[in-house]
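# Structural description and commentary
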Amino acid sequence: MEQDNNVFIFNHPLIQHKVTLLRDIETTSKDFRELTEELSMLMAYEVTRNLPLKEVDIETPICPTKAKKLADQKLSLVPILRAGLGMVSGMQKLLPHARVGHIGLYRDHDSHEPVEYYCKLPADISESEVILLDPMLATGGSAIAAVDFLKMRGAKNIRWVCIIASTYGIEVLHKEHPDVAIFCAAVDKVLNEDAYIVPGLGDAGDRLFGTK
Ligand code: PRP
Ligand code: URA
């Protein structure tokens, strides 16, 4: 994994391979959903690398021993609707104890500004490590709005996990929220006039849910 200034880029061959399949226009919605789930599961492994552990007493079939388990740190997965939903099941496979909150945002087609339409978070979000999920970080507007909502509701430790980030999106998200670690599988340099990432993968929500 490449790391630079709180930005973590997954360069593992399996992840790179699956991102290429995800980008491909020939990939069906079914395969797109499965790849998003698999990528999320692979990314969960690194995103949680510094979760605290505690020592516990257990008994193996051979003898009693001390061993390590995740500490009782609360953990919340927060997908941004719609496309972030595609990342939840993969993360939950490795983090079954995580609670799930939802933030509904869409980009206005003309202004490209995020519009909030839903927000339901776990009650004690202020005591939780938060993993914010959305496959795309383009202009950064949705990510900044989501982090703003979370911080307004008391969240302190937030990690942003996406599949493709634009260079611009990373820059603006970190300008507003330098404390938020950004994890992504690929960084693309260009945004087009419709604020889509180039080459990107198109509209993640439409490809996940077959709406186009
Ligand atoms: C997409 C994507 C992000 C946002 C990224 O959602 O899932 O939430 O765009 O773009 P930004 O960085 O420029 O804000 P979209 O608004 O298309 O909504 P949808 O998931 O409902 O399709
Ligand atoms: N949202 C998407 O789904 N794709 C992009 O390229 C940009 C924003």
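To be clear, the structure that these remarks concern was listed above.
These notes cover the structure that comes with them. (Residues numbered from 1 in each chain as written. Chains lettered and ligands numbered in written order. Predicted model: local features only at pLDDT ≥ 70, side-chain atom pairs only at ≥ 80, totals over all residues. Heavy atoms only, no water.)

### What to know about the packing of helix α1 (residues 13-23) against helix α2 (residues 29-47)
As a reminder of what qualifies: Angles here are taken between N-to-C directions and fall from 0 to 180 degrees, while the axes themselves are lines fitted to C-alpha atoms, restricted in helices to the stretch in contact. Helical segments are the DSSP runs of H or I of at least four residues, strand segments are the runs of E of at least two, and each set is numbered from the N terminus. Working definition: roughly parallel below 35 degrees, roughly antiparallel above 145 degrees, roughly perpendicular at 65 to 115 degrees, and oblique for all remaining angles. Note on convention: the crossing is left-handed when the near helix lies turned anticlockwise from the far helix by less than a right angle, right-handed when the turn is clockwise. Whether two residues are in contact is decided by their heavy atoms, any of which lying within 4.5 Å being enough. Residue polarity follows a fixed list, in which Ala, Val, Leu, Ile, Met, Phe, Trp, Tyr, Cys and Pro are nonpolar, Asp, Glu, Lys and Arg are charged, and the others, Gly among them, are polar.
In the contact formed by α1 and α2, the axes pass within 10 Å of each other and the chain directions differ by 155 degrees. As far as their axial angle goes, α2 and α1 are roughly antiparallel. With respect to the hand of their crossing, α1 and α2 are arranged in left-handed fashion. When α1 is examined against α2, the residues L14, I15, K18, V19, L21 and L22 are found in contact with a partner set consisting of F32, L35, T36, E38, L39, L42 and M43. Looking at side-chain class alone, the contact of α1 with α2 contains 10 nonpolar, one polar and two charged residues.

### Thoughts on the pairing of strand β8 (residues 114-120)
Put simply, the rule reads: For two strands to count as paired, DSSP must find a minimum of two bridges between them.
Both strand β7 (residues 102-107) and β8 contribute to a ladder of six bridges, which runs antiparallel. Bridge pairing in β8 places R107 opposite P114. Joining the antiparallel neighbours β7 and β8 is a turn of six residues, in which H112 adopts a positive phi near 65 degrees.

### Some remarks on the site of ligand 2
Inclusion rule: Any residue with a heavy atom lying within 4 Å of a molecule or strand is counted as near it. Each polar contact in these results corresponds to two N or O atoms within 3.5 Å; when the atoms are within protein, one needs to be able to donate a hydrogen and the other to accept it, and residues that are neighboring in sequence are counted only if both atoms are side-chain atoms. Areas reported here follow the Shrake-Rupley algorithm with a probe of radius 1.4 Å; residue values treat only the protein chains shown as occluding.
Close to ligand 2 lie R107, M136, A138, A195, Y196, I197, G202, D203 and A204, which account for all nearby residues. Within the backbone of I197, one N or O atom sits 2.8 Å away from an oxygen atom of ligand 2. A204 is positioned with one of its backbone polar atoms (N or O) 2.8 Å from an oxygen atom of ligand 2. Contact with the protein chains covers 89% of the free accessible surface of ligand 2, which is 240 Å². Among the residues forming the shell around ligand 2, the class breakdown is six nonpolar, one polar and two charged.

### Remarks on a nonpolar patch on the surface
As a reminder of what qualifies: Residues enter a patch when their relative accessible area is above 30% and they make no salt bridge; the linking distance is 9 Å between like charges and 5 Å between nonpolar side chains (Val, Leu, Ile, Met, Phe, Trp, Tyr). Criterion for a salt bridge: a side-chain nitrogen of Lys or Arg within 4 Å of a carboxyl oxygen of Asp or Glu.
On the surface, Y106, Y117 and Y118 cluster together to form a nonpolar patch covering roughly 330 Å² of accessible area. Note that Y106 resides in strand β7.

### Points about the environment of I58
For I58, the location among the structural elements is in strand β3 (residues 53-59). Setting aside residues no more than four positions away along its own chain, I58 makes contact with C63, P64, T65 and A67.

### A look at the side chain of S40
As a reminder, the rule being used: Note on exposure labels: buried denotes an accessible area under 20% of the residue type's maximum, exposed denotes more than 50%, and partly exposed covers the range between, all computed with a 1.4 Å probe on protein chains only.
Here S40 is to be found in helix α2. S40 sits in the buried class, given a relative accessible area of 0%. Excluding its chain neighbours within four sequence positions, the residues that come into contact with S40 are G86, M87, G90 and M91.

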